[in-house]
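Listed below, chain by chain, are the residues.
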Amino acid sequence: MGELATEKHVRYILSVEKRKDNFESVVMEHLRMSGAYWGLTALDLLGKLDTVDVDEAISWLLSCQHESGGFGGNVGHDPHILYTLSAVQVLALFDKMDVIDVDKVTNYIVNLQNEDGSFSGDMWGEVDTRFSYIAICCLSILHRLDKINVEKAVKYIISCKNMDGGFGCTPGGESHAGQIFCCVGALAITGSLDLVDKDLLGWWLCERQVKSGGLNGRPEKLPDVCYSWWVLSSLTMIDRVHWISKEKLIKFIIDCQDTENGGISDRPDDAVDIFHTFFGVAGLSLLEYPGVKPIDPAYALPVDVVNRIFFTK
Amino acid sequence: MHGRPRKALKQEDEAALSAKAEKLRSLQALFLANHHNSIYSKEALDVSAKLLEVNPECYTAWNYRKLAVQHLLSNSDSDPHVIFQDELKLVEIALRKNFKSYGAWHHRKWVLSKGHSSIGHEMRLLNGFQKADPRNFHAWNYRRFVAELMKRSDEDELKYTEEVIGANFSNYSAWHNRSVLLSNLLKKKAEGYFPKENFLEEEFEHVHNAIFTDPDDQSGWFYHLWLIDQTVKTDAPLLVSSWPSHGSRITLIGDNNLRGCGLSLLNGTLLGTGTLPIILDFNQAVEGINSSTVAIESELLKEELIWKPLSMNNSNTAKVWVVYLNLGNMELLPSKAYSVQIKVGHSKGIAFSNGNHYSDPSQISFKVLVQTASAEPAEGQGGKRTTWKDTNFHKIDHFQESDAILSADNNPHIPTTSNWCSEEIAEEITKFRDLLSEYDCKIGKLTLARLLTALDLLSSHHDGRKSNTEEVLQLYTDLMKLDPTHSLYYKDKHSLISLKRITSTRDSLLPYCYHYKDATETITGYVCLRLQSLSLSRMGSIENLLWVQMLDLSHNELQSIEGLEGMQLLSCLNLSHNKIRSFTALVPLKLVKSLKVLNISNNELGSHLIDTTRYLCPSPVSHTEEFAWERFEILAGSVSATNFWEAFLIFGSLELTELNITGNAVADENFRSFLVKVLPTLKWLDDEELS
Ligand SMILES: [Zn+2]
């Protein structure tokens, strides 16, 4: 088996951050905030966050914030809960929460909770359990979880639970590994994992591992590196990660590297991108791959960052 | 980016792409300028439309379209129908470009919810989309939205899933939707769907077609498991076990005046606290256990009792509930039998979290006797150290009446299940045996194992049937070889069944029960359950182990002790030579207040970077426990909380007298001195007697 091409990935991530001219980066322009979170977290997991110009990153980040307190995906784009979490996660990485008005960001999120406990993504009212996770994760990082109705939020998530033990976007929605990560993550952060049927969900999740060793996101779908994160983190949170073969998954992720130019792709020999590079590295982190810092399965931030948030006075 | 090959582009392609990028960039710039200046002219709208046609993921552009719609509607001579029609057209184009665009789907919902567009077209559009990609979950979500909007019946939608499955059974999304629709119909008690017997038989037939056609296709697997669960599950909570059990006699040993702290259960456990736990174990987590739903009648009862849920996260639901009868200040007469009666569920209130109520009022009666202690004070006192050597254990030939042993066969609570369930399960067993005779496959074996387990559960209520445990164990052993990727899943199941077998009767338990001889060679009367070296990877059957005070689980493969909190009498626990990876995995012990002796030597504490029980343990990261900074700082001094918080959270609330932690990566001098401070009750740490 090959090894993780750490140096190449670091160079790749740094180059993506700078490149703004190719078609890919123009199409992804509206979600650059999430791109920043993926890239910077991957760098931190690889021990190379110090290669980044913090001040430059933060001043750009702040230029994406709106009067409402929410963040847009890039300068000029509307605020959305998705990018608000990414921004807060980046600030947590840099330990720079003091540059924002925490109460203002909190207000933005609090106002997105609906009567039934669910969350909208922004003022236009799209409801999805992804946004429940984002709200809960973000407020928890900001030490403001008490500002929303947690009980109702949990109840809504549970109303999205399916016959296979997984969770969908809204009640009745099909289980999907990404959605399961969101729901299990939200339940983990609110101390509600007793409401998950761990053995049932664990079986569904561990059956995502296919012959090649990779994980898919739903039954009878192709394996994909990004599910290394969604499935693994969920299995880790419910203490069932031993139900899959770690060795085979490590091999699959390693096989998806571009060993020449750096970066990780969805499947072997596909084109790499920052999204799959992050999820590949994060997956290896959960697999305790040597040389990669441990990541927290619920907050999707390095463990030392999360511990700093909760265990320093 | 998904499914795009990794290869360098040809020069002309590169140039074309670069031109495309330039065009898109200027389109985006133009659009953002319009958006920021609130320009909603026809030209401006065209820019946003063009942008979304190329890049439907640009969420800000969808927001802009909504603002534009609102602006246009405010114009008095506008025709809402036309305005919304344009939006629907744009969404359709965008979806053809990217079928998975959240923004496009939501825009369509937003338009429809305004009520100016006909929904008739939506089903036709969806049928086309869903034919092209029958697994697209956005389309399925949208379909549920439209069906509700046009008040299409669940029965009609059920027919649609039948058509889809008929065309190709390999459609997990359709099976999923079937489970949703059937659950709805069942909940509504719709005609033909209630009681569930009415449809389950047919559904089994249905899913057999899928599984038996291609056993390796997962589409029907989870649906089939759901059907098994629907068949065997009880709707109402059941009390599966209690301690003391019905009809039992509990002997307490007291000192001469039988007052105060001299009281102990058997030897040792309750010494000092003078309390007697009463434990109720249900089939699933319940809420509403209190002094009105569970009435205790006894002359031993002097005050109102408060039931406590054994829950890890301070929730008010739990599978196991406990109450402590305080006998410490009572004058008890020797050789008198004090009777205690517990009436469970005679008044309403015990319920599952889904609201289903306990409906099987039952009574547990037991007697408490007090004996004067004849000899020296009990175990755990006076510096005697617990040792787990084989020579300290004495085989038991037969149980004494005073041994308060519990096993599955003396759990008195027999739920009544209909014959239909057992027959249905038996029929499924036949079908899957047939399948396996033709094709050796993992889902066949796994399903058979589950069905046999279910049948055993059902028929334990009808005595006399032979149990299938041996066959189930063999199936799981086979599966470990057949499907090595998931071997530890099968191993966990194997462990659970092994424990079920061991704890099923008093006779099956006997070979694992020993009397403990302490250092002075006195047989203490302790019954120790020794489950060592059984390659157990998972604990289970706790409902049959509520009586255990001394437990040897050493030399197994446990990485979790989930469920152990139910053992409220546990005083000595040996977990040495297991695979415990982190302190948070020991969290069940926080609820076992009687625990004095713990051996966790030779585990994997400190060897792992990732903690798989981090979120199953109450802590600040899950908002289930505040960090006791003040106490931590007093005890730990300058030690950083980020290093020791897990150990502090666990040991900070235990009152151990003996702890062995050698053979773990974490156990250096620094950590040992921390432990001594956190555990002031400690008399022995590792092999060293503390002064
Ligand atoms: Zn992917």
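As the structure is a computational prediction, the values presented were derived from the model and not from experiment.

About the criteria used
Residues numbered from 1 in each chain as written. Chains lettered and ligands numbered in written order. Predicted model: local features only at pLDDT ≥ 70, side-chain atom pairs only at ≥ 80, totals over all residues. Heavy atoms only, no water. Helix = DSSP H or I, 4+ residues; strand = E, 2+ residues; numbered from the N terminus. Buried < 20%, exposed > 50% of the residue type's maximum accessible area, 1.4 Å probe, protein only. Contact = heavy atoms within 4.5 Å. Areas by Shrake-Rupley, 256 points an atom, 1.4 Å probe, with all protein chains shown as cover. Lys, Arg positive; Asp, Glu negative; His and termini not counted. Charge placed at Lys NZ, Arg CZ, Asp CG, Glu CD. Rg over C-alpha atoms; globule rule 2.2 N^0.38 Å. 1 Å grid on protein atoms, 1.4 Å probe; cavity = no way out; pocket = protein on both sides within 12 Å on 5 of 7 lines; lining within 4 Å. Points joined across faces, edges and corners; volume = space filled by probe spheres on them. Nonpolar A, V, L, I, M, F, W, Y, C, P; charged D, E, K, R; others polar. Donors = N, O, S within 2.8 Å, 3.2 Å for Na, K, Ca; no water. Salt bridge = Lys/Arg side-chain N within 4 Å of Asp/Glu carboxyl O. Buried area = accessible area lost by both parts, 1.4 Å probe. Polar contact = N/O pair within 3.5 Å; in protein donor to acceptor, adjacent residues only side chain to side chain. Axes fitted to C-alpha atoms, helices over the stretch in contact; angles between N-to-C directions. Left-handed = near helix turned anticlockwise from the far one by under 90°. Expected span 1.5 Å × (residues − 1). Patch = residues over 30% accessible without salt bridge, like charges linked within 9 Å, V, L, I, M, F, W, Y side chains within 5 Å. UniProt positions renumbered as here; feature names shortened; annotations may be inferred. Pairing = 2+ DSSP bridges. Phe/Tyr/Trp six-rings, centres within 6.5 Å; stacked < 30°, edge-to-face > 60°.

Before going further, it helps to spend a moment on the overall build of chain B. Of the regular secondary structure elements, chain B holds 19 helices and 18 strands. Expressed along its principal axes, the backbone C-alpha trace of chain B runs to roughly 100 × 65 × 55 Å. Classification of the 691 residues of chain B by burial places 55% in the buried group. Pairs at least 24 apart in sequence give 66% of the contacts found in chain B among residues at least 6 apart. For chain B, the exposed area adds up to about 29700 Å²; of that, 51% sits on carbon and sulfur atoms. Between the centroid of the 71 positive side chains of chain B and the centroid of its 86 negative side chains there is a distance of 4 Å.

Scanning chain A from N- to C-terminus turns up 14 helices and two strands. The C-alpha atoms of chain A give a radius of gyration of 18 Å, which matches the 20 Å a tight globule of 313 residues would have. Along the first, second and third principal axes, the C-alpha atoms of chain A reach 50 × 45 × 40 Å. Classification of the 313 residues of chain A by burial places 69% in the buried group. In chain A, the share of contacts with a sequence separation of at least 24, taken over all contacts with a separation of at least 6, comes to 66%. When the accessible area of chain A is evaluated, it comes to approximately 9900 Å², of which 51% is carbon and sulfur surface. The centroid of the 28 positive side-chain charges in chain A is displaced by 3 Å from the centroid of its 44 negative side-chain charges.

All right, on to empty space enclosed by the protein then. Tallied over the entire structure, the rule returns six cavities of 30 Å³ or more. Estimated volume of the second largest cavity: approximately 50 Å³. Around the second largest cavity, the lining residues are A:Asp239, A:Arg240, A:His242, B:Asp492, B:Ser537, B:Arg538, B:Gln559, B:Ser560 and B:Glu562. Of the residues in the lining of the second largest cavity, the class split is no nonpolar, four polar and five charged.

Turning next to the coordination of the zinc ion. At 2.0 to 2.5 Å from the zinc ion lie its protein donor atoms, namely A:Asp224 (OD), A:Asp224 (OD), A:Cys226 (SG), A:His276 (NE2) and B:His2 (NE2). In this pair, A:Cys226 sits in helix α11 (residues 226-237) while A:His276 sits in helix α13 (residues 274-286), placing the two residues 50 residues apart along the sequence. For the pair formed by A:Cys226 and A:His276, the shared burial category is buried.

Our next topic: the pattern of salt bridges. Tallied over the entire structure, the rule returns 47 salt bridges over all chains. Here the salt bridges do not stand alone but share partners, grouping A:Lys198, A:Asp199, A:Arg240, B:Arg538 and B:Glu562 into one network.

Chain B puts 87 residues into the contact, and the matching count from chain A is 98 residues. Summed over both partners, the interface of chain B with chain A comes to about 8000 Å²; 56% of that surface belongs to carbon and sulfur atoms. When the area that chain B buries against chain A is broken down by residue, the three leading residues are B:Arg6, B:Tyr59 and B:Tyr615, summing to 11%. Between the two partners, chain B and chain A, sit eight salt bridges. Note that B:Glu562 and A:Arg240 form a salt bridge whose closest N and O atoms lie 3.5 Å from each other. At the junction of chain B and chain A, the tally comes to 57 residue pairs in polar contact (both at pLDDT 80 or more). Per-element tally for the side of chain B that touches chain A: the top contributor is helix α1 (residues 11-36) of chain B, with nine residues.

Another point: the packing of α11(A) against α13(A). Residue and element names in this part refer to chain A. Orientation of α11 relative to α13, taken along the N-to-C sense of each, is 35 degrees, at an axis distance of 7 Å. The two elements α11 and α13 meet at a crossing, and its hand is left-handed. On α13, the residues that touch Cys-226, Ser-228, Trp-229, Trp-230, Leu-232, Ser-233 and Thr-236 of α11 are Phe-275, His-276, Phe-279, Ala-282, Gly-283 and Leu-286. Of the residues in the contact of α11 with α13, the class split is eight nonpolar, five polar and no charged.

All right, on to helix α15 (residues 487-502) of chain B then. Each α-helix winds once per 3.6 residues, and so residues spaced three or four apart point in a common direction. Compared with the 22 Å implied by 1.5 Å per residue over 16 residues, the 22 Å span of α15(B) between its first and last C-alpha is a close match. B:Tyr489, B:Tyr490, B:Lys491, B:Asp492, B:Lys493, B:Ser495, B:Ile497, B:Ser498, B:Leu499 and B:Ile502 are the residues of α15(B) that are buried. Where α15(B) is buried, its residues touch α10 (198-206) of chain A together with α13 (442-459), α14 (469-482) and α16 (506-509) of chain B.

Attention now moves to a negative patch on the surface. Residues and elements named next belong to chain B. A contiguous patch of negative charge, built from Glu-201, Glu-202, Glu-423 and Glu-427, is present on the exposed surface. Here Glu-202 is to be found in helix α10 (residues 197-213). Relative accessible area serves as the criterion here: at 56%, Glu-202 is assigned to the exposed category.

Looking now at unusual backbone geometry. Residues and elements named next belong to chain B. Here the bond from Phe-194 into Pro-195 is cis, since omega is -5 degrees, no more than 30 degrees from zero. For Pro-195, the location among the structural elements is in the loop between α9 (172-187) and α10. Residue Pro-244 is bonded to the preceding Trp-243 through a cis peptide linkage, with omega at -5 degrees. Along the polypeptide, Pro-244 turns up in the loop between β1 (239-243) and β2 (249-254). Unusually for a residue other than glycine, Ser-38 sits at a positive phi of about 50 degrees. Note on placement: Ser-38 falls in the loop between α1 and α2 (42-54). With a phi close to 55 degrees, Lys-189 is a non-glycine residue in the positive phi region. Structurally, the position occupied by Lys-189 is in the loop between α9 and α10.

With that settled, the discussion passes to the UniProt feature "domain: Prenyltransferase alpha-alpha toroid" (unreviewed entry) in chain A. Using the residue numbers shown here, the UniProt feature "domain: Prenyltransferase alpha-alpha toroid" (unreviewed entry) corresponds to residues 4-300 of chain A. Secondary structure within residues 4-300 of chain A divides into 48% helix and 1% strand; the distance between the first and last C-alpha atoms comes to 20 Å.

So, on to the pairing of strand β5 (residues 294-298) of chain B. Residues and elements named next belong to chain B. Side chains Val-294, Ile-296 and Ser-298 of β5 all project onto a buried face; the interleaved residues Ala-295 and Glu-297 project onto a face where none is buried. As paired strands, β5 and strand β8 (residues 337-344) are joined by five bridges and run antiparallel to one another. Its bridge partner lying in β8, Val-294 is registered against Val-344.

Residue and element names in this part refer to chain B. Spatially, β1-β4-β7-β6 is the arrangement adopted by the four strands of the open sheet, whose pairing is antiparallel. Each having just a single partner strand, β1 and β6 (308-309) make up the two edges of the open sheet. Pairing of strand β4 (residues 275-287) with strand β7 (residues 317-326), which is carried by nine bridges, proceeds in the antiparallel orientation. Looking at β7, one finds that Glu-287 is bridged to Thr-317.

Once that is clear, we can look at the packing of aromatic side chains. All names here are of chain B. Within this structure, the stated rule accounts for 47 aromatic pairs over all chains. The interplanar angle of 70 degrees and the centroid separation of 5.3 Å between the aromatic rings of Phe-644 and Phe-671 together place this pair among those described as edge-to-face. A residue pair is termed long-range when its members are at least 10 positions apart, and Phe-644 in helix α18 (residues 641-651) and Phe-671 in helix α19 (residues 669-678) qualify at 27 residues. Classification of Phe-671 as buried rests on a relative accessible area of 1%. Ring geometry for Phe-671 and Phe-674: centres 6.1 Å apart, planes at 35 degrees, overall tilted. Separated by three residues within a single helix, Phe-671 and Phe-674 lie in helix α19, roughly one turn from each other. For the residue pair Phe-671 and Phe-674, the accessibility class agrees, reading buried in each case.

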